[in-house]
Every structure is written in C-alpha cells, then in structure tokens.
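# Understanding the architecture of this molecule
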Amino acid sequence: MTDVGRHPRIELLTYSEVAATTGFVGNFNVTVRRRARYVDEKECTACGDCLEVCPVVVPDKFNIGLSTRKAIYQPFPQAVPSAFVIDMEACLGHNPIACGKCLEKCEKECIDYDMTDREVTLNVGTVIVATGMDVYDPTEQDEYGYTRYENVITSLEFERLINSGGPTEGHLVRPTDRRQPERVAFIQCVGSRSQQRGKPYCSNVCCMNTVKDSLLIKDHWPETDIKVFYMDIRAFGKGFEDLYQRSKALGVQYIRGLPGEVEEDPATKDLILSVEDTTSGQLEQHRADMVILSVGVEPRRDMESLKGLFTLSATSDGFFMEAHPKLLPVDAPTRGVFFAGCSEAPKDIKDSVTQASAAAARANILMSQGRISVEAITSVIDPEICTGCAICANVCPYHAIIADKEKRTPAVVIEASCAGCGTCAAECPFGAITMRHFEDAQIIAQIDAILEEDPMEKIVVFACNWCSYAGGDFAGISRLQYPPNARLIRTMCSGRVDQEFVLHAFRKGAPLVLVSGCHFADCHYIDANRWTQRRVEKLWDKLEREGIRPERLQLEWISAAEGQKFAKVMREIEELRKAVTPEEVEETKRILTEKAKKPKKKPKKAKKEPVEVAKT
Amino acid sequence: MDDGNHGEELRIGVYVCDCGRNIAGTVDCGVVTEFAQGLPHVVIASNDKYTCSEPGQEVIKQHIREHNLNRVVVASCSPRMHEPTFRAAIQQAGLNPYLLEMANLREHCSWVHINEPEAATRKAMDLVKMAVWRAALLREQKELEVPVERKALVIGGGIAGIQASLDLANAGYQVYLVEKEPSIGGIMAQIDKTYPTMDCSI
C-alpha cells in the first residue's frame, strides 16, 4: 500500500469517483469527481491533535461499528494517503458557536471547511476496473439471530476483533460480556450456494477464511473448542488442503450440516445450535459462546454507474462479464477495459493479485504499441448523394458526424470517433451512407440467401454483435436446444438494421423477422439501440397501415449472458412463425412489391456544385 | 443474387470445419462441403478436422496461392471466437483481412440442434450460402491507426487495483488510481491474517 502512495508514476485520487467518460480504446477521456476531504491531503501529517479536540463520536465503519471514531478521522492507522478527513455529515461545522475546535488546534492549518467537490479530467489509453465486492448482510437469515443475539457476528467482524489494530487490540472477546469465548462455532455458506436467500453461487473464499480463522484462534488460545458447520469444504487451491488438515489435526471439529436454527440462552447469552449432522443423520444440539457467520461475497451494489460509463454488462451472478469466460478472462467486452479482482467474480487475494497482473499485462500490450488500428467498419458519406439534412449527425451517439442543417452542406464523418454502429446509415433517408464491411448490399445478399429456398420455413434474425449474437453463442456453449429455423445476420449494433432490410425480407417471403439487440443500459454504442426501438415502432405502424400483421416483426433485447433467454426467444418466434400462413405471406409480398414500384419523393438537393439527383 | 463483384473475377474458397466432433457430430460436414462446392464463384471447398489448427490454416493459405482465391469463407465456430485467427491467416497469404467471412456452424448450429442432425445440416448449408453470397460482395478495407495514450486509469484501490497500478507504473506508464474511500486498501485492509501464508494483510 505504501508503495502506491510514494510511486512517482502513480497519482492517487482517493475519496473520488468516475463521473463521466467519452472516447474509446487508446483515448478515453474520463471525468473524476473528487469529494472534498476538508483536510489538505498533502500537508496533513496525521499527527492526531485534531482527534483529541473533536467532540463528535460516531460508529467506526472500518471496524464495522465495533468501535467509534471522531468526525475528523483517519480510516485506519496504515491508511494511504496518511491524512485525515472530515465526515461532514457528522461534523458540527465551523460556526464558532457550534465548534471549529480542530481548526484552532491544527498547527499546520490543514483544515479548510470551505473545500468543495471538484472535477478533474484524465486522458488515458486503458482502464482497469478493480472495484471489488460487497459482503453479504445476514440480517435476512433470521434463524441465525444475527440482529437478535449480540454474540452472533459475521466473519468480517471477527477479522476486526482478532486484529491487533482492531477495537479489542486483538483480544478475542464476545460482545455481551467481553469474556474470551471457550466454545466458538462457525456457520459456513451464509449467503452463498442458496437458491432461496443470498446467492446461488459459491463465494470462493469463505471455506479457507474459516480454516484460517480456526488456526488463528488455535494459535492464540489452543484450548478453544471450535466447531465448523458446513455443507462442503472447498480447499482446492495450492496449499489449501494442508491448512485444512492442520486445522483438523489441531482439534477443530468439522460437522457436515448447516444449523436450522440458533437460539440464545437468556441467562448465559450462550448460543444453542440445532443441526442435523448429515454424516450420521443425527439431530444434534451444540452450545457455543460465540457464533461466527461465514458470510459470502456479492457484486458491488454501486456497479450500475460503471456499467453505463464503460458499456459493461454483468453475468447472471451479477459480477462484470468478461469478453470470453475462458480465453479472454480479464478483458471487458469494451476494448481497452480490463477486470481485476472481485469485480469479475469472487476471488481470494492470490487470485486477485494474479488477475491484476494479468490485467496490467493486457493493458501493457495495447499501450506499448503506441498506436493501435481501429476496425474498418466506420461509416462513409457520399457527398454526391448527401442532402445535408443532418439526420445522421443527430442520431450519432458519438457526435462523430459534422453536418450543418442550415447550410445544407454534405455531412462529414470523423473516422477516429466513429465506432461503427451504423445507426446513421439506417436513418439516412437518401442512402448516402455506406457502412464499411456492413454494406446494405452485403446484408441484403444474406437475406436473399436465407429466403431463396423454402422461405416459409425460415426466420430472418438480425442480431447485434455484442449482445444478442453473443447471447446466441452463449446458448451454444451451454448446449441449450432450440428449433433450427432461425438464421442470424450479424451487425455490429441493432441500430444498423435499416427498415428497408426488414421490408426486403417480407418482400422475399419471410414469414417472420426478429430484430434483437442489447438491453438499453448495455448498448455498446451508448444509446444507439434507442433508435432501433423507434425505427421498429415506426415499422409496426407502417405494417399495420399496409394491412400486414405487426406481430410478424419482433423486437427483443438479449444480453451476451442471456443464453437462456436467447433459446427461449428462439422457441417463441418459432411458434409465431408456425402461425403465419402461406396466403398471408403472398399477400404481404404483393402489397410490398406494389408499394416498391411507386416512385419515391425526390430529396431536396444539397447546396453544392455539381448537383446530382440522389434517388428516384 | 447480385453479382456485384466490384469488377474482378470472384474466386471463393470455402472451408468447412468438423471441430473434432463438435460440428461433425451433428452436422454432416461432407454434405455441406459438397453443397458449398456448387455455390456460385466457389472455386474450391474443403473439409477439415480442425480448420483453426496450424495445418488447417496452412491449407487455406496454400489454396489462396494455388487457386488465386480472392475471398475466403470459413464455416466453423463463432466469428467472435476465431475471426481474428482467420483474418491473420488470409493476410499472411496476401489477402486483405476483410475478404474473410465466417459461418457459425458450431455455437449457432451443431451445439443447439444436437438431436436434429438433418435439420442442422440444412441450416448449416444455409449459413454457408449466406456467407458465400455476402463474401462475394466484400471489399478490401484499410484500418485506421490511432495513437494510444500511454496512461492508465485504475478504478478501485483494493488489493487488485493496487497490484495492477504497481505493475503498470513499474512498466513505465503513468497511472491514475481512483478510490471511492478516503484510503486505499479495500476489504483486504480489514482482514487480519490471510491464507495461505498466514501473514498480515497490510
């Protein structure tokens, strides 16, 4: 930790959060909001004079409320930076009548009540997301009495109690009478591996954490009677089985069975655990002076904002989703963003360090090159066709198109800013925009190939690269079975799906068309899929006006992690397809073909010479 | 089908991959290859056990040179998996990487229609046909190069963020480490001793 504080190339921005981002791999522009500390971080020496005079006492968050701190405080003695901070919600303020004592006391004059939050902007090439995890709150598992019995604590509270820097200076005492417990019971999987409460997954760290805790207790107080109630002990890592065996050899009892109930003896405040030992099938009762709930690990509750800022998504367990579960385990789907530690999945310190080094190495690969190539999938505007209407500039999520509606000069694409979603091309009423590698003609060719034979049997599906197509991949990896009638056309974003593609498919005899993309918060092109939705809604109206059932055009949002949903949607659209009759399809073909023959309005010409007539 | 071949004679090679039994266990890859051979502009269609393997890629490169191929279709797994592999392969043989098209016979076909081999084979043929028709219209593309800022942002100052910051800073990059709390350390700092070494966390 101190290495970080004094490294010449690390700028530490504590008490800060990422507020906004723009840009892309190699050139992210990040706004960081720095909260006011009210103490000059550079000048403060953490001498502690201010502590002595501060009259406000509040629970200490670092010690999980097991001790108190002042309104001006240092989170813990080894904190980096080694500087105090004022908790303004607790502070009485600088009104002299109210308080202002620390201000008077501080000789170095580090305290400034008028300090305000401020924003700084950073330009970076790569981003590592190491936002960690939250710890499960066992309140809802009322049978363990966490909120009713003081001598029932969590494993994290235990860490603070046994820590020499903690509230009891490392003396293990039970909360009710501050007596050293002679009988300690651990309950495993609290908040983990449960379909009902907490999380369905294994939290990875709790078994070994309990084994370690049992060794710590035995180390200090060998006579302590320790019982561990578990369903499985997962000691899979290097050296883990040794620790487990050592714990057993020291007399720690491992009892296979999770207690159904914990009750308190009102007289002694001892705890009585009722459990079925599943190795013997016996119902047993065990007494303990203290019960430690081995609580699980959860995704951070505040990760939603980061998801939006860097277009990240989560797997079904709630943790951030990697680009590939096996081959790109530290890369985010957004290029230039990497994961380290528990943000991606629960892991212990060794695994967190390993992944952090891997993430650093992956980021290094990008940055060491100095230049990187961007996929050639950007949009190109034909100035001869463009009328300067500026619709494209209006829909571009990246503001990558310069257009002037007043002057009606042809629009221009800034290639480095274009991410290639294709929304502009789909929205351009004049066909002036070509998406490189995802051209209209290339997509139309795929539609034609699908519908050349037995069109009644086929469903034309447009799937975005990042979510829906990837969801289809995930369904495959999971071997989920669904009917074989859908044919997927991959575009980078559902925003690329021109209404003409859909109409073309119907004209060629498609019974059903599905447009699928990312959920709104997950769109890899900021909010391009909002345009998808608007366009599909317009198409539904249009189909209805023409006498074509709008249900034959479906819209679904499927994330890369939703293999199940993908398979379900495939089954549902197959049912819808079966309901479409050949007569209905023929009628649609007739309506749309006649419609296509009618001449379209001529576009207004852009002010330029020579002027070409765009489409007729 | 629009023969918009941009003024050149189209010469397409199609490579149908068995992926061991992953694809061939459900899809009749021989039938698919034969079907591909009959598609317009397809000069050669070949069936391999593992197209992504070194020998598999070598076949493609050799065919590009011997048969003057100017488009390549690989019918194997998801392009999200191996598109970079095959783009690099055809580039090594002198083709622009954007003249590759993939058909996803594994994730989107053989793995999800395990009990319907005939329907899966028909679907595989369609997927290959779609890829060939699209390939005929592909154009060479040139990628834009952009400079990379040699600075990194690390969000979160727990053990993972600390390690990543130190590694990157020691590799010579400027690092910004953003932490929500007033101190770095995260949950790790709250833990007493840590396994498997049983030493202190800070």
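Note that the structure is a prediction, hence the values are computed from the model and not measured.

## Concerning the pattern of salt bridges
All names here are of chain A. Within this structure, the stated rule accounts for 61 salt bridges over all chains. The residue Glu427 makes a salt bridge to Arg535 at a minimum N-O spacing of 2.8 Å. With Glu427 in helix 10 (residues 423-427) and Arg535 in helix 14 (residues 528-546), this residue pair connects regions lying 108 residues apart in the sequence. This pair shows no difference in class: Glu427 is buried, exactly as Arg535 is.

## Section: the domain arrangement of chain A
Along its sequence, chain A is organised into domain 1 (2-120), domain 2 (134-298), domain 3 (300-369) and domain 4 (438-597). Averaged C-alpha coordinates put domain 2 of chain A and domain 4 of chain A at centres separated by 53 Å.

## Brief notes about the packing of helix 4 (residues 155-162) of chain A against helix 5 (residues 206-220) of chain A
To describe two helices that pack against each other, one gives the angle between their axes and the distance between the axes. Residues and elements named next belong to chain A. With their axes 12 Å apart at the nearest point, helix 4 and helix 5 run at an angle of 30° to one another. Compared by their axis directions, helix 4 and helix 5 come out roughly parallel. The hand of the helix 4/helix 5 crossing is left-handed. Along the contact surface, helix 4 presents Ser155, Phe158, Glu159 and Ile162, while helix 5 presents Asn209, Lys212, Asp213, Leu216, Ile217 and His220. Across the contact of helix 4 with helix 5, the residue classes break down as four nonpolar, three polar and three charged.

## Description of the sheet that holds strand 29 (residues 553-557) of chain A
All names here are of chain A. An order of 27-26-28-29 is seen for the four strands of this open sheet, with the pairing classed as parallel. Each edge of the sheet is formed by a strand with only one pairing partner; in this case those strands are strand 27 (486-491) and strand 29. Each strand axis lies, on average, 20° off the axis of its neighbour in the sheet, ignoring direction. Sitting on the sheet, helix 12 (residues 468-477) touches strand 26 (459-464), strand 27 and strand 28 (512-517), and the angle it makes with strand 26 is about 105°.

## A short note on the packing of aromatic side chains
All names here are of chain A. Going through the model one piece at a time under the given rule, you end up with 13 aromatic pairs over all chains. For the ring pair Tyr201 and Phe319, a centre distance of 5.6 Å and an interplane angle of 65° mean the geometry is edge-to-face. Placement of Tyr201 in the loop between strand 12 (183-190) and helix 5 and of Phe319 in the loop between helix 7 (303-309) and strand 20 (337-339) is noted, with a sequence separation of 118 residues between them. Ring centres 5.1 Å apart and planes at 50° place the aromatic pair Phe520 and Trp557 in the tilted group. Within this pair, whereas Phe520 is found in the loop between strand 28 and helix 14, its partner Trp557 is found in strand 29, the two being separated by 37 residues in sequence. Chaining the aromatic ring pairs together yields one cluster made of Tyr230, Tyr244 and Tyr254. The ring of Trp531 carries Arg534 above its face, with NZ or CZ at 4.2 Å from the centroid.

Cut-offs used in this document
- Residues numbered from 1 in each chain as written.
- Chains lettered and ligands numbered in written order.
- Predicted model: local features only at pLDDT ≥ 70, side-chain atom pairs only at ≥ 80, totals over all residues.
- Heavy atoms only, no water.
- Salt bridge = Lys/Arg side-chain N within 4 Å of Asp/Glu carboxyl O.
- Helix = DSSP H or I, 4+ residues; strand = E, 2+ residues; numbered from the N terminus.
- Buried < 20%, exposed > 50% of the residue type's maximum accessible area, 1.4 Å probe, protein only.
- Domains from an automatic or database assignment.
- Axes fitted to C-alpha atoms, helices over the stretch in contact; angles between N-to-C directions.
- Parallel < 35°, antiparallel > 145°, perpendicular 65-115°, else oblique.
- Left-handed = near helix turned anticlockwise from the far one by under 90°.
- Contact = heavy atoms within 4.5 Å.
- Nonpolar A, V, L, I, M, F, W, Y, C, P; charged D, E, K, R; others polar.
- Pairing = 2+ DSSP bridges.
- Phe/Tyr/Trp six-rings, centres within 6.5 Å; stacked < 30°, edge-to-face > 60°.
- Lys NZ or Arg CZ within 6 Å of the ring centre and 35° of its normal.

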